[in-house]
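Chain by chain, the residues run as shown.
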Amino acid sequence: MKTLETRKEKKAQGKVVKAFGNLLQVTFEGNIRQGEVAMVHVDNLQLKSEVIEILGNQAKIQVFEDTKGVRLDSLVSFTGDLLEAELGPGLLSSIFDGLQNPLVDVADQAGLFLPKGIYLSALDRQRKWDFESSAKVGDVLFRGDRIGSTKEGRFHHFIMIPFSLYGKYRLTWVINSGSYTVDTVVAKAIDESGQEHSFTMVQKWPVKNALIHGEKIKPTKMMDTGERIIDTQFPLMKGGTFCTPGPFGAGKTVLQHHLSKYAAVDIVLFVACGERAGEVVEVLREFPHLIDPHTDEALMKRTVIICNTSSMPVAARESSIYMGITIAEYYRQMGLDVLVLADSTSRWAQALREMSGRLEEIPGEEAFPAYLSSRIAEFYERSGVVSLRHGKPGSITIGGAVSPAGGNFEEPVTQATLSVVGAFLGLSRARSDSRRYPAIDPLLSWSKYVDTVGNELSHQVDGWDQMVKRARHILFNGNEIGKRMEVVGEEGISMEDMLTYLKAELYDFSYLQQNAFDKEDAYCPLKRQIALFQLINQIFDTIFDFHTHDQAREFFLDLQNRIKNMNFIPFDTEQYRKVFAEIKSIIEQQSRK
Ligand code: ADP
Ligand code: MG
């Protein structure tokens, strides 16, 4: 029988011989392994750290905390365990740091994170959960198989055979349904060698290994976001990946917040990784008050937030990324659709660079370590749809913000990300400066999911994918004509070109742009997008009759303002229908008879 190795022998001990920032060199006696957690003793505190390099009886460890107070000869005790996530009911609604310390209590006192050296249990040990067993004595179960379940918010939280246990388990005892704490033994089983195991509602998993049981299958379902430019032009899929690179202030965080509020998934893991402290505090303040538009319940009920700020040691950023994806993987095994948002992966890459520098590794491009792209690829590869032995498949969609210096997409982090993701939503300075929000550049961005999603939507609208491709074409042409117009002036272009230009502008202004802060416009359901996109396509199809450029411009300005204003009216109301009909009749009156 194979189990993830756990060492039983005496734990190793060591002493600090050299310190360089939060990288410590340690001599040790005993047996240690890569990734093992070690505690550094400082005064009466113990600081958590992780082994990153072993050479003979010397090891380099990175400390997850501020290392002030660490001295030569400070004692280091190795734990034998890898950095693990604690998994069980009660993760939803939590706010953790990268080591899974719950920050709920400190979140009230904005900006205050845990004092160093204090580690709390991730799950509430006192809280009772209504456990209902589904397995029976005599059942033969494997890792990930369900013993029973409890209700966590609106979800069935399945209690599963720990993923770290391989082989067959025959149940010998199952607790009666009832109300229990997470540490209560709820079932017992014997393995193939006759050894007995007890199972509680909690299990652990090392965060740097992918937690997956089942077959990965191709994503087939769209993940709608309520953001028109995304759903229509650059669609995302459940189980897919995307990135949102953009310069500082272009709207990456606003976009990620939007997605965490509105994306049509069950659960959102929001990893606030190394961004400014103020921003993270904003998340902590704002989120608990938000309402889920799909269920009208508190949004936190489907959310887990993991946060570190740029003021925390770099090692903590790396662990928050892995902690986030591991919790997501756990919920995927319950057949849920999970969205992982990381803001921003550049901060994580900077942490890798900093640590690589201290380790004196041979630097790659822009001093990032040579393994940068493989780390990024490994992270995004943990996305995907997984078919399960019981019930419907679960999925993880990953979306990473990237903040390249100066908004230059040629830099290594953006490039490494672009080569692995399924959709690229590039935010541009030009668009955010002209307040065209969301500043996703429709000329730069792409999605590999256009055809698959197009097929799915073709059942609702005939020829959807053709319409989407044509719209993009008009945008490109309009942009070209706009540039030409800057040189030769409006008089220098034909009426036909003028109309293409105006159609592209109208599409951009009244459809692709969307106000994140307006109650109605912030979230545009798919049904509403379809109705509006069909109207826009009617405009594309119409051959208009104008005598002068000025007349055309005036007409289009009026039309695009009318559509924009309609976006602020609640959908499917009498008023909406009236305005919609008015706009249609204006278009028809102006068309060539
Ligand atoms: P970044 O994370 O890229 O540095 P932010 O997301 O913090 O940038 O956005 C900076 C500012 O831009 C916001 O505070 C807001 O004023 C404006 N902004 C961004 N996106 C939108 C939007 N969709 N609608 C309106 N304003 C926006
Ligand atoms: Mg930001």
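Up top you'll find the structure we're talking about.
Residues numbered from 1 in each chain as written. Chains lettered and ligands numbered in written order. Predicted model: local features only at pLDDT ≥ 70, side-chain atom pairs only at ≥ 80, totals over all residues. Heavy atoms only, no water.

Caption draft 1: Seen up close, the overall build of the protein chain. Scanning the protein chain from terminus to terminus reveals 15 helices and 26 strands. Compactness check: the protein chain gives a C-alpha radius of gyration of 27 Å against a globular reference of 25 Å for 593 residues, within 12% of the reference. Expressed along its principal axes, the backbone C-alpha trace of the protein chain runs to roughly 90 × 55 × 40 Å. Buried positions account for 57% of the 593 residues belonging to the protein chain. Of the contacts formed within the protein chain by residues at least 6 apart in sequence, a portion of 70% connects residues at least 24 apart. Put simply, the protein chain shows about 25300 Å² of open surface, and 50% of that area lies on carbon and sulfur atoms. (Helix = DSSP H or I, 4+ residues; strand = E, 2+ residues; numbered from the N terminus. Rg over C-alpha atoms; globule rule 2.2 N^0.38 Å. Buried < 20%, exposed > 50% of the residue type's maximum accessible area, 1.4 Å probe, protein only. Contact = heavy atoms within 4.5 Å. Areas by Shrake-Rupley, 256 points an atom, 1.4 Å probe, with all protein chains shown as cover.)

Caption draft 2: Examining the sheet that holds strand β12 (residues 155-160) more closely. With antiparallel pairing, the four strands of this open sheet are ordered in space as β12-β11-β9-β14. Looking along the sheet, the strands with just one partner apiece sit at the ends: β12 and β14 (178-181). This sheet shows a mean twist of 40 degrees between the axes of neighbouring strands, independent of strand direction. For strand β9 (residues 128-133) and strand β11 (residues 146-152), the ladder comprises two bridges, and the chain directions are antiparallel. By the bridge assignment for β11, Glu-132 is matched with Ser-149. (Pairing = 2+ DSSP bridges. Axes fitted to C-alpha atoms, helices over the stretch in contact; angles between N-to-C directions.)

Caption draft 3: Layout of the pattern of salt bridges. Tallying each qualifying case throughout the model produces 29 salt bridges. A salt bridge links Lys-238 to Asp-337; the shortest N-O distance between them is 3.8 Å. Of the two residues, Lys-238 sits in the loop between α2 (228-233) and β19 (241-245) while Asp-337 sits in strand β22 (residues 337-343), which places them 99 residues apart along the sequence. With relative accessibility at 18%, the residue Lys-238 sits in the buried group. Here Glu-490 and Arg-553 are joined by a salt bridge, their closest N and O atoms 2.0 Å apart. (Salt bridge = Lys/Arg side-chain N within 4 Å of Asp/Glu carboxyl O.)

Caption draft 4: The site of ligand 1, seen in detail. Neighbouring ligand 1 are the residues Pro-247, Phe-248, Gly-249, Ala-250, Gly-251, Lys-252, Thr-253, Val-254, Tyr-437, Ala-516 and Phe-517. One nitrogen or oxygen atom from the main chain of Gly-251 is found 3.0 Å from an oxygen atom belonging to ligand 1. Between Tyr-437 and ligand 1, the recorded distance is 3.4 Å, taken from a side-chain N or O atom to an oxygen atom. If ligand 1 stood free it would expose 560 Å²; the protein chains cover 76% of that surface. Residues of the shell around ligand 1, tallied by class, amount to seven nonpolar, three polar and one charged. (Near = heavy atom within 4 Å. Polar contact = N/O pair within 3.5 Å; in protein donor to acceptor, adjacent residues only side chain to side chain. Nonpolar A, V, L, I, M, F, W, Y, C, P; charged D, E, K, R; others polar.)

Caption draft 5: Spatial organisation of the nonpolar core. Of all hydrophobic cores here, the largest spans 81 residues; its most connected members are Phe-242, Leu-339, Tyr-507, Phe-556, Leu-559, Ile-563 and Met-566. Among residues more than four places away in sequence, those in contact with Tyr-507 are Thr-232, Gln-233, Ala-471, Leu-475, Leu-512, Phe-533, Ile-536 and Phe-540. Listed in part, the 77 residues of the second largest apolar core include Phe-158, Phe-368, Ile-398 and Ala-416. (Core = buried A, V, L, I, M, F, W, Y, C linked by side-chain atoms within 4.5 Å.)

Caption draft 6: Local environment of the pairing of strand β4 (residues 45-55). Looking at chain direction, strand β3 (residues 36-42) and β4 are connected through six bridges and run antiparallel. Bridge pairing links Met-39 to Lys-48 in β4. In this structure, the hairpin formed by β3 and β4 is closed by a connection of two residues, where Asp-43 is found at a positive phi of approximately 50 degrees. Taken together, the six bridges between β4 and strand β5 (residues 58-63) define a ladder with antiparallel strand orientation. Among the inter-strand pairings, Val-51 is bridged to a residue of β5, identified as Ile-61. Where β4 folds back onto β5 in an antiparallel hairpin, the turn is made up of two residues, including Gly-56, whose phi is positive at roughly 60 degrees.

Caption draft 7: Structural detail: the sheet that holds strand β2 (residues 23-29). Around the barrel, six strands lie side by side as β1-β2-β5-β4-β3-β6; this closed barrel has antiparallel pairing. Going across the sheet, the axis of each strand differs from the next one's by a mean of 45 degrees, ignoring polarity.

Caption draft 8: Focus on the packing of aromatic side chains. In total, this model carries 22 aromatic pairs according to the counting rule given. When the centroid spacing of 5.8 Å and the interplanar angle of 50 degrees are considered together, the rings of Phe-424 and Trp-446 count as tilted. Of this pair, Phe-424 sits in strand β25 (residues 423-424) while Trp-446 sits in strand β26 (residues 446-447), and the two are 22 residues apart along the sequence. The exposure class of Trp-446 is partly exposed, given its relative accessible area of 27%. Taken together, a centroid distance of 5.8 Å and an interplanar angle of 35 degrees make the contact between Tyr-576 and Phe-580 tilted. Taken as a pair, Tyr-576 and Phe-580 lie in helix α15 (residues 574-590) at a separation of four residues, close to a single helical turn. As far as the burial class goes, Tyr-576 and Phe-580 line up, both buried. (Phe/Tyr/Trp six-rings, centres within 6.5 Å; stacked < 30°, edge-to-face > 60°.)

Caption draft 9: Summary view of empty space enclosed by the protein. Using the criterion set out here, one finds two cavities of 30 Å³ or more in the structure. In this structure, the largest cavity encloses a volume near 50 Å³. Broken down by class, the residue content of the lining of the largest cavity amounts to two nonpolar, two polar and five charged. Computed from the structure, the second largest cavity encloses a volume of approximately 40 Å³. Put simply, the parts of the chain that give the lining of the second largest cavity at least two residues each are α2, α10 (450-458) and α11 (464-488). (1 Å grid on protein atoms, 1.4 Å probe; cavity = no way out; pocket = protein on both sides within 12 Å on 5 of 7 lines; lining within 4 Å. Points joined across faces, edges and corners; volume = space filled by probe spheres on them.)

Caption draft 10: The arrangement of the packing of helix α12 (residues 495-512) against helix α13 (residues 526-541) in detail. For the pair α12 and α13, interaxial distance at closest approach is 10 Å and the crossing angle is 165 degrees. Overall, the two elements α12 and α13 adopt an arrangement that is roughly antiparallel. Judged by the sense of rotation from one axis to the other, the crossing of α12 with α13 is right-handed. Contacts from Lys-503, Leu-506, Tyr-507, Ser-510 and Tyr-511 in α12 reach Gln-529, Leu-532, Phe-533, Ile-536, Ile-539 and Phe-540 in α13. (Parallel < 35°, antiparallel > 145°, perpendicular 65-115°, else oblique. Left-handed = near helix turned anticlockwise from the far one by under 90°.)

Caption draft 11: Just the side chain of Ser-445, in detail. Inspection of the secondary structure puts Ser-445 in the loop between α9 (429-433) and β26. Only 3.0 Å separates the side chain of Ser-445 from the backbone nitrogen of Gly-426, close enough to count as a polar contact. A distance of 2.8 Å separates the side chain of Ser-445 from the backbone oxygen of Asp-441, its partner in a polar contact. Every residue in contact with Ser-445, bar those within four places of it in the chain, is listed here: Phe-234, Phe-424, Leu-425, Gly-426, Ile-440 and Arg-472.

Caption draft 12: Spatial organisation of the environment of Leu-535. If you trace the backbone, Leu-535 turns up in helix α13. Sequence separation of Leu-535 and Phe-580 is 45 residues, and the distance between their C-alpha atoms is 8.8 Å. Apart from residues lying up to four places away in sequence, Leu-535 is in contact with Ile-563, Met-566, Phe-580, Ile-583, Lys-584 and Ile-587.

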